[in-house]
Amino acid sequence: MSEVSQMSVALPPQGDPSAPHGLALGSDTEVTLGVMGGGQLGRMFVHAAHRMGFFTAVLDPDPKSPAGRVSHHHVATAYTDPEGLQQLAQCCLAITTEFENVPAAALAALATSRTVSPGAAAVAIAQDRIQEKNHFGQCGVPCAPYAVIESAEQLAAVADDLLPGILKTARMGYDGKGQVRVSSREALASAWTALQGVPCVLEKMLPLQLECSVIVARGADGTCVNLPVQRNLHRDGILAVTEVTPEAVPQALAERAVAAARAIATQLQYVGVLCVEFFVLDPESPVGQALGGLVVNEMAPRPHNSGHYSLDACDVSQFDLQVRTLAGLPLTQPRQHSPAIMLNLLGDLWPAPNFAAVLALPGTHLHLYGKAQASKGRKMGHLTITGADPAQVRATALQAAALLGITPF
Ligand code: AIR
């Protein structure tokens, strides 16, 4: 990363950095917000920014990236390219990120001349499961029992009680990548070898009742707001369905999850949108009781797939919140106005999903990301179903799933 840190940053100032950027709203000065990464999350950020009159710039090496294609400016260089970073900084007042594996050093380099949120330090913690779990511990939020495996000695010292478990690479894993289920010491040893002996954590497999997540947005002034708690169903390690209805997550647990997510953001001094994922444990199981029923799984320093429903079911979406936090605009607690179910549209449904039939159903909102190539497990779009009551939303969502060939839930 030395290349990046050598980046020279002699940039013209864009306004007074101590003034809230929101002051520029509605003025005749062009204000550009930047995003590192040009995938679907960047694209939805760009759409939200445009709606509020901002100009946008995307840095993504892919000249056909979903966000780059809809943005005013697209810098198509590597994330660590000093010239690319300089170009981005030059045209932007403030810069955010849309995937957690963006090199933290690139964010740090941008931050020498521009507002960058979330900051490199917070992103670096979220990029590394070991640091992430330490942070959760410091916040007093329990996670699944685990062991760090960075050496053969640590592998040998793993407690039997952690098996069966899931071996996860400390870095660079998402959508189920870099994870192996292991049920014996032998399987653990060969899984670690197969992962090339990189730093890992072994997490104890827990009896889950359900999975949920909370999206919080925190401003530079410490104001913190959250979306309602989402219930998530994963298939093959990839989010398949998100359900946000009053019944989806028991209220007492939902309140605890929100409090934990806010504590995690606040103690990080986080600025931006953060998603925290939780496991709700089987309340009948001894381990579930011992751990108090709720454990934190992981966090993402950005908007999250499980928050996409907020575009259609809330008065302020997770991308609106991202724009507001980045631009120093006020945050208000979002209100969900419709129960919602979101279905992910993976590349498996291509080449010819019957979207016209789905759009004939009431309350369906189709979002396609404009990706050139569909492949198995690739997120190509999502469908949100809203309606007046949860039972009707569910019935419509099941109809849509059947029309698209998505397994019922
Ligand atoms: N993303 C980021 N972390 C997890 C996910 N799913 C989003 C970001 C990123 C895009 O997925 O928007 O840019 C990458 O998608 P793909 O299909 O090109 O791998």
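Remember, it's a predicted structure, so these values are computed and weren't measured experimentally. (Residues numbered from 1 in each chain as written. Predicted model: local features only at pLDDT ≥ 70, side-chain atom pairs only at ≥ 80, totals over all residues.)

With that settled, the discussion passes to the environment of A76. Secondary-structure assignment places A76 in the loop between β3 (73-75) and α3 (82-91). The partly exposed category is assigned to A76, around which 16 C-beta atoms lie within 10 Å. Distance in space between the C-alpha atoms of A76 and K64 is 9.1 Å, their sequence separation being twelve residues. Look past the residues within four positions of A76 in its chain and what remains in contact with it is D60, P61, P63 and G68. (Helix = DSSP H or I, 4+ residues; strand = E, 2+ residues; numbered from the N terminus. Buried ≥ 20, exposed ≤ 12 C-beta atoms within 10 Å, placed from the backbone. Contact = placed C-beta atoms within 7 Å.)

In the vicinity of the ligand, the residues found are G37, G39, Q40, L41, G42, E98, F99, Y174, N305, R378 and K379. Here the element with the most residues in the shell around the ligand is helix α2 (residues 40-51); it accounts for three residues. Here the residues of the shell around the ligand are counted per class, giving three nonpolar, five polar and three charged. Residue-level mapping places the shell around the ligand at the junction of two domains, with at least three residues from each of domain 1 (11-116) and domain 3 (208-404). (Near = placed C-beta within 6 Å. Nonpolar A, V, L, I, M, F, W, Y, C, P; charged D, E, K, R; others polar. Domains from an automatic or database assignment.)

Side chains that are nonpolar tend, in soluble globular proteins, to be buried together. Ranked by internal contacts, the top residues of the largest apolar core, which has 99 residues, are A257, V276 and L343. Looking at this core, the element that brings in the most residues is strand β14 (residues 272-281), giving eight residues. When neighbours within four sequence positions are excluded, V276 is seen to be in contact with S213, V214, A260, A261, I264, V296 and M299. Ranked by size, the runner-up nonpolar core spans twelve residues in total, among them A170, L188, W192 and L202. (Core = buried A, V, L, I, M, F, W, Y, C linked by C-beta atoms within 7 Å.)

Moving on, we come to the pairing of strand β13 (residues 238-244). Of all seven residues in β13, five are buried; the element is thus mostly enclosed. Looking at chain direction, strand β12 (residues 230-235) and β13 are connected through five bridges and run antiparallel. Among the inter-strand pairings, R235 is bridged to a residue of β13, identified as I238. Connecting β12 to the next strand, β13, in antiparallel fashion are two residues, including D236 with a positive phi near 50°. One ladder, built from four bridges, connects β13 with strand β16 (residues 340-346); its direction is antiparallel. Bridge pairing in β16 places V241 opposite L343. (Pairing = 2+ DSSP bridges.)

Another aspect to go through is unusual backbone geometry. Residue P118 is bonded to the preceding S117 through a cis peptide linkage, with omega at -5°. Within the fold, P118 resides in the loop between β5 (115-116) and α5 (120-126). For the bond running from W350 to P351, omega is 20°, close enough to zero to count as cis. With respect to the helices and strands, the residue P351 is situated in the loop between β16 and α13 (355-359). Positive phi outside glycine occurs at D236, with the angle close to 50°. Relative to the elements of secondary structure, D236 occurs in the loop between β12 and β13. We classify D236 as exposed; it has 11 C-beta atoms within 10 Å. Positive phi is not limited to glycine here, since Q269 has a value of about 55°. Mapping Q269 onto the fold places it in the loop between α9 (251-267) and β14.

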